[in-house]
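Spelled out, the chains give:
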Amino acid sequence: MRIEMASEPGDPRVPNEDYASVALPAAGSGGALVVLDGVTPPAGDTGCAHGVPWYVARLGGALLELSGSRRDMPLGECLASAIGRTASSHGPGCDLSHSRTPQATVVLARWDDSAVEHLVLSDSALLVEYADGSVTPVLDTRLDGLRPAARALPRAERTAYLESLRNAEGGFFTAAADPAVAGRAVVGSAPRERVRALAALSDGATRWTDIFRLGDRTALMTVLREEGPGSLIGRVRTAESADRAGVAFPRGKAHDDATAVLVEFRATTGFTEPAP
């Protein structure tokens, strides 16, 4: 098995609000991966004494532990439990009902010899490459469906419009303080023998395809395999720097935190004792 990951802040002067981790259990086969993209709040009150990096570290650590050690728990239950555990870590002065309480998008995957499970919440992405070379994205597209209406508004009104639809019926959902949001995630599974590789990416890394149109998702997977996650992020940074003002490629931030994790599986073949 090959596992590679890279993560870079959009601004080296500001803490990275992405999180990435992979676990390979010591006992038995399989593994789990977690990628979170913290939601950067606008300047002002968030109702919480903790920042987004604190939140993604707590939530990510809980998710990795639960998905890796509690294989009896579906991934949705792992997410719900991790959100509840993180919420209980807040102090009494934290208003968890505040719309800007720390929160994050989620990509979660877990595998063993029989199946590869996945969960995606909000606009980070999981790419699944199958044995025939095809690449299928696992996406939660609810936010994408709201962006055209947001772009039609004056720039000063866009943030408030999207905030009004976050974790609301008819809007989109992120992991914040309510465990029930786990029921909104996109979940599924595939037979292990059909899957050749996984790639988990924050939206700062999927800019390569989604914003700058440098290739489709199959080409993105090829870059990850042949050059590695760090090279993919480097390509995104080059494209961002060539259009700092966002004139050719409009986007919310000139540079965004970017994270990519690649997991390549070996063929599932039985072990044969070598001949003496």
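Structure shown above.
Residues numbered from 1 in each chain as written. Predicted model: local features only at pLDDT ≥ 70, side-chain atom pairs only at ≥ 80, totals over all residues. Heavy atoms only, no water.

Things to note about the overall build of the protein chain
Part 1 of the argument: The helix and strand tally for the protein chain stands at seven helices and 10 strands.
Part 2 of the argument: The C-alpha radius of gyration computed for the protein chain amounts to 19 Å, which stays within 12% of the reference 19 Å derived for 276 residues, consistent with globular compactness.
Part 3 of the argument: For the protein chain, the residues scored as buried account for 46% of the 276 residues in total.
Part 4 of the argument: Put simply, of all contacts in the protein chain between residues at least 6 apart along the chain, 70% involve residues at least 24 apart.
Part 5 of the argument: Counting every atom, the protein chain has about 12700 Å² of accessible surface; 53% of that belongs to carbon and sulfur.
Part 6 of the argument: Averaging the coordinates of the 28 positive side-chain charges in the protein chain and doing the same for the 35 negative ones gives two points 3 Å apart. (Helix = DSSP H or I, 4+ residues; strand = E, 2+ residues; numbered from the N terminus. Rg over C-alpha atoms; globule rule 2.2 N^0.38 Å. Buried < 20%, exposed > 50% of the residue type's maximum accessible area, 1.4 Å probe, protein only. Contact = heavy atoms within 4.5 Å. Areas by Shrake-Rupley, 256 points an atom, 1.4 Å probe, with all protein chains shown as cover. Lys, Arg positive; Asp, Glu negative; His and termini not counted. Charge placed at Lys NZ, Arg CZ, Asp CG, Glu CD.)

Some remarks on the sheet that holds strand β4 (residues 104–111)
Part 1 of the argument: Here five strands make up an open sheet; going across it, the order is β2-β3-β4-β5-β8 and the pairing antiparallel. Either end of the sheet is taken by a strand with one partner, and the two such strands are β2 (18–23) and β8 (186–191). Mean inter-strand twist for the sheet, computed between neighbouring axes without regard to direction, equals 10°.
Part 2 of the argument: Both strand β3 (residues 31–38) and β4 contribute to a ladder of eight bridges, which runs antiparallel. (Pairing = 2+ DSSP bridges. Axes fitted to C-alpha atoms, helices over the stretch in contact; angles between N-to-C directions.)

Some words on the sheet that holds strand β9 (residues 195–201)
Hydrogen bonds between backbone groups are what pair the strands of a sheet, and the pairing can be parallel or antiparallel.
Part 1 of the argument: What the five strands build is an open sheet, ordered β1-β10-β9-β6-β7; its pairing is antiparallel. With one partner strand each, in any of the chains shown, β1 (2–8) and β7 (135–138) form the two edges of the open sheet. The mean inter-strand angle of the sheet, taken between neighbouring strand axes irrespective of direction, is 15°.
Part 2 of the argument: Two strands pair when backbone bridges link them, and β1 and strand β10 (residues 258–264) are joined in this way by seven bridges, in the antiparallel orientation.

Side note on the environment of V22
Part 1 of the argument: Among the structural elements, V22 can be located in strand β2.
Part 2 of the argument: The exposure class of V22 is partly exposed, given its relative accessible area of 22%.
Part 3 of the argument: Among all residues touching V22, those that are not within four sequence positions of it are I3, M5, A32, L33, L64, W111 and V261.

As for the packing of aromatic side chains
Part 1 of the argument: In this structure the tally under the stated criterion is two aromatic pairs.
Part 2 of the argument: Ring centres 5.4 Å apart and planes at 75° place the aromatic pair W111 and F265 in the edge-to-face group. Of the two residues, W111 is situated in strand β4 and F265 in the segment after β10; the sequence distance between them amounts to 154 residues.
Part 3 of the argument: When the centroid spacing of 5.2 Å and the interplanar angle of 70° are considered together, the rings of F212 and F249 count as edge-to-face. Placement of F212 in the loop between α5 (207–210) and α6 (217–227) and of F249 in the loop between α7 (229–241) and β10 is noted, with a sequence separation of 37 residues between them.
Part 4 of the argument: Classification of F212 by relative accessible area gives buried; the value is 4%. (Phe/Tyr/Trp six-rings, centres within 6.5 Å; stacked < 30°, edge-to-face > 60°.)

Considerations on a nonpolar patch on the surface
Part 1 of the argument: Residues M1, I3, M5 and L24 make up a contiguous nonpolar surface patch of roughly 330 Å² in combined accessible area.
Part 2 of the argument: Along the chain, M1 turns up in the segment before β1.
Part 3 of the argument: Under the relative-accessibility criterion, M1 is labelled partly exposed at 37%. (Patch = residues over 30% accessible without salt bridge, like charges linked within 9 Å, V, L, I, M, F, W, Y side chains within 5 Å. Salt bridge = Lys/Arg side-chain N within 4 Å of Asp/Glu carboxyl O.)

Structural notes on the pattern of salt bridges
Side chains that differ in sign of charge can pair as their charged atoms come close.
Part 1 of the argument: According to the stated counting rule, one finds 22 salt bridges in the structure shown.
Part 2 of the argument: R70 is the partner of D72 in a salt bridge, and the nearest nitrogen-oxygen pair spans 2.7 Å.
Part 3 of the argument: By relative accessible area, which is 56% here, D72 ends up exposed.
Part 4 of the argument: With a closest N to O distance of 2.8 Å, D123 and R147 form a salt bridge.

Looking at helix α2 (residues 75–89)
Because an α-helix completes one turn every 3.6 residues, residues spaced three or four positions apart along the sequence face the same direction.
Part 1 of the argument: Under the 1.5 Å per step criterion, the end-to-end length of α2 is 21 Å for 15 residues, consistent within 8% with the ideal 21 Å.
Part 2 of the argument: Where α2 is concerned, the buried positions are L75, C78, L79, A82, I83, T86 and A87. The buried residues of α2 all sit within an arc of 165° when viewed along its axis, so they share a single face. (Expected span 1.5 Å × (residues − 1). Arc of directions from axis to C-beta.)

Brief notes about helix α3 (residues 142–151)
Part 1 of the argument: Among the residues of α3, L143, L146 and A150 are the ones counted as buried. Angular distribution of buried residues about the axis of α3 spans 65°; they occupy a single face of the element. Along α3, exposed side chains directed more than 90 degrees from the buried face belong to G145 and R151.
Part 2 of the argument: For α3, the elements touching its buried residues are α4 (155–165).

Some words on the packing of α6 against α7
Part 1 of the argument: Two numbers describe how α6 lies on α7: the axes approach to 7 Å, and their chain directions differ by 125°. When the axes of α6 and α7 are compared, the pair comes out oblique. Seen from α6, the contacting residues are L220, V223, L224 and E227; seen from α7, they are P229, S231, L232 and R235.
Part 2 of the argument: Grouping the amino acids of the contact of α6 with α7 by side-chain chemistry returns five nonpolar, one polar and two charged. (Parallel < 35°, antiparallel > 145°, perpendicular 65-115°, else oblique. Nonpolar A, V, L, I, M, F, W, Y, C, P; charged D, E, K, R; others polar.)

Everything listed is a geometric property; what it means functionally is a separate question.
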